[in-house]
Each structure stands twice: as C-alpha cells, then as structure tokens.
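Structural overview
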Amino acid sequence: MSQGSFGEIRAFNDFTSLASDVTLVAGVNDLPGGQGWAAISVNEGSVAEVVDESGGVIQFTTDTADNDNVCLVAGPFDPSKGPVSFEARFKCPTVVTRQAVYAGFTETLSLATPVMPAEFATATMTYNGSGGMLGLVWDADATTNAWKAVCGDGGGVSNSGNYGANGTDATDAMVADEYDIVRVNLYPSGFGEVWHDDELVASGQTSLTTTDLFFAVLIIENRTSANEELEVDYVAAKGVRDWTV
C-alpha cells in the first residue's frame, strides 16, 4: 500500500493554550489545545489553568467520592508497527496520601467510566481488565507507599521474571508539589521499559501481545471521600502508523 509522509503518530500537549475553568461531563472531553489528548472522568471533575507557573500547567480536580477519577487519554497505538512511547511531567500539589496515580499504557479502557489499570492495596497488586498494561503506579492504599512499575495482561502479571507480581519499586517516592516524570516504552518484540525521573525502574521482555491496541493514559483516582488534584506540565505519546489498512 502507498505511504504518505507522516509515519510517526504524535500526541503532545504542553497546555500553553490558556483554559478557563471547565467542568468535565460524562464521556470524553476535549482538552485545551487538544493536540491528541482528551479527558474522561468518573462523575464530574474540573479543569483549570495554573497561572502562577510558567510553561503551561493545567490542573485536574476529581469529584469528591471515593474512587472518583480523571483520566487523560490518547491513542490507541499499535506496538507491532513500531515502538510506542509515553511521557508525562506532573505533580500532586497538596497531598500524596489520599490518591492513586497510573501513568503509561493500557489496552482495557472504558471511554465512559475509566478504571485504574492496576491498583495496589496493603501489599498486593490487582490487575484490572482483561487487556495488557505497562506503566507506573502510585497508590495511597499501600501499607508502604512507593512508585511501582507494573506489567500485566489477562488480569495478572505479565512475565514476573522481569516485572514483579506486586510491582517493582522505584527509588524515589511521590512528594507533594514536586514534579514526577514518567516514561514508558513498548517495542514490537514485546520488550518494555518503565522509567521514573530518569531512573530505569524495570525493563525486559513482557508477555504482552503487541498486535493489541494500547491507549496512553495518565489517571488520578481518589482513595478517600475528598477531591484530589493533579497538575500536569505536559503529556506525550507516540507510535508508528499502520500503512497496511
């Protein structure tokens, strides 16, 4: 099949398009500037520009019930056509002990009521949905809080030799009002990498089916009956176009 000039697919939003306060509605919501990213929330959330920081920062606030969330989403991407990459710079500005955050790729995603791909409670990781995932999780339901690299498929861990069943801990924890940078790469061979603040947390062959389609997501979810905030400097994802269809 003939091919055009734009083989790489990019979704990047630096949030420099100033946004008025917006209340999220059910289903998919456009984001200021768009650039390939949208937002979904369980119940209502809100979006507001952070005007006292440079470079374009946007604040997402969940609704107030336990397990309410806001999910930023782009895609889907096909890793079998070429490497797919996710990167985001974000922070929780006030507390880090009342919320969960997932950053990376997931195959299973409801575009009406998104669910955290993986959740860590007490000392056990739960892999939600039937599809694959590769990313980094912070969950305040953990007995000992830590960023954890996760790789799962079919409701369980994928290749526990390289990615622990209960995740692989990053060196640095989440700190209130301090930016985290998460980068996740998945290659056509099934090899994966999960990075946190330029540290390689976990890598190696996964058992993921790379012909499956994956969404790039950044999700914040409440762990108490209180609204939580996520401030995002940028979100980026890229993949390779399928020229065969």
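Before going into details, it helps to say that this report is about the structure given with it. Bear in mind that the values here come from a model prediction, so they are computed numbers and not experimental data. (Residues numbered from 1 in each chain as written. Predicted model: local features only at pLDDT ≥ 70, side-chain atom pairs only at ≥ 80, totals over all residues. Heavy atoms only, no water.)

1. Observations regarding the packing of aromatic side chains
- Evaluated as defined, the whole model comprises seven aromatic pairs.
- With centroids separated by 6.3 Å and ring planes inclined at 75°, the aromatic side chains of F15 and F60 adopt a geometry described as edge-to-face. Remark: F60 occurs in strand β6 (residues 57-61) and F15 occurs in the loop between β1 (8-13) and β2 (22-23); sequence separation between them is 45 residues.
- F15 gets classed as buried once you look at its relative accessible area, which sits at 1%. (Phe/Tyr/Trp six-rings, centres within 6.5 Å; stacked < 30°, edge-to-face > 60°. Helix = DSSP H or I, 4+ residues; strand = E, 2+ residues; numbered from the N terminus. Buried < 20%, exposed > 50% of the residue type's maximum accessible area, 1.4 Å probe, protein only.)

2. Observations regarding the environment of C71
- Secondary-structure assignment places C71 in strand β7 (residues 69-77).
- Distance from C71 to Y102, taken between C-alpha atoms, is 9.2 Å for residues 31 residues apart in sequence.
- Setting aside residues up to four positions removed in sequence, C71 forms contacts with A38, A39, I40, L109, P114, V217, L218 and I219. (Contact = heavy atoms within 4.5 Å.)

3. Comments concerning the pattern of salt bridges
- One pass over the structure, following the stated rule, counts 15 salt bridges.
- Its salt-bridge partner being R98, residue E228 comes within 2.8 Å of it at the nearest N-O pair. Remark: R98 occurs in the loop between β8 (84-91) and β9 (99-106) and E228 occurs in the loop between β19 (214-222) and β20 (229-240); sequence separation between them is 130 residues.
- Among the residues examined, E228 registers a relative accessible area of 1% and is labelled buried.
- Ionic contacts of the salt-bridge type, sharing partners, join the residues E119, D139, D141, E221 and R223 into one network. (Salt bridge = Lys/Arg side-chain N within 4 Å of Asp/Glu carboxyl O.)

4. Here's the deal with unusual backbone geometry
- Here the amide bond leading from G75 into P76 is cis, since omega sits at 5°, within 30 degrees of zero.
- Counting through the fold element by element, P76 comes out in strand β7.
- Of note, the phi angle at N43 is positive, near 60°, even though the residue is not glycine.
- Assessed through its relative accessible area of 45%, N43 is described here as partly exposed.

5. So, the pairing of β6
- Counting buried positions along β6 gives five out of five residues, so the element sits mostly inside the fold.
- Hairpin connection between strand β5 (residues 46-50) and β6: a loop of six residues separates the two successive antiparallel strands, and G55 in this loop has a positive phi of roughly 90°.
- Bridge count between β6 and β20: four bridges; the pairing is antiparallel. Paired with F60 across the bridge in β20 is L230. (Pairing = 2+ DSSP bridges.)

6. Digging into the nonpolar core
- W37, L72, F86, F90, L218 and V232 are the most contacted members of the largest nonpolar core, which has 46 residues in total.
- With sequence-adjacent residues up to four places away left out, F90 is seen in contact with V101, A103, W147, E178, Y179, D180, V182, L218, L230, E231 and V232.
- Listed in part, the 19 residues of the second largest apolar core include A100, A118, V137 and F215. (Core = buried A, V, L, I, M, F, W, Y, C linked by side-chain atoms within 4.5 Å.)

7. What about the state of the cysteines?
- Within this structure, the stated rule accounts for zero disulfides.
- C92 provides the cysteine sulfur closest to C71, a residue in no disulfide bond, and the two sulfurs are 15 Å apart.
- Among the residues examined, C71 registers a relative accessible area of 0% and is labelled buried.
- Distance from the sulfur of C151, which forms no disulfide, to the nearest cysteine sulfur (C71) is 19 Å. (Disulfide = S-S within 2.5 Å.)

8. Considerations on the side chain of Q99
- Along the chain, Q99 turns up in strand β9.
- Polar side-chain contacts of Q99 include one of 2.7 Å to the backbone oxygen of V95.
- Beyond its immediate sequence surroundings of up to four residues, Q99 is in contact with C92, W138, D139, A140, I220, E221, R223, E228 and E229. (Polar contact = N/O pair within 3.5 Å; in protein donor to acceptor, adjacent residues only side chain to side chain.)

9. Comments concerning the pairing of strand β17 (residues 191-196)
- The sheet contact formed by strand β16 (residues 180-186) and β17 spans five bridges and is antiparallel. When the sheet's bridge partners are listed, R183 is paired in β17 with W195.
- Taken together, β16 and the strand that follows it, β17, pair antiparallel across an intervening segment of four residues, in which G190 is found at a positive phi of about 95°.
- In this structure, β17 lies alongside strand β18 (residues 199-205), joined through six bridges in antiparallel fashion. Bridged to V194 within β18 is A202.

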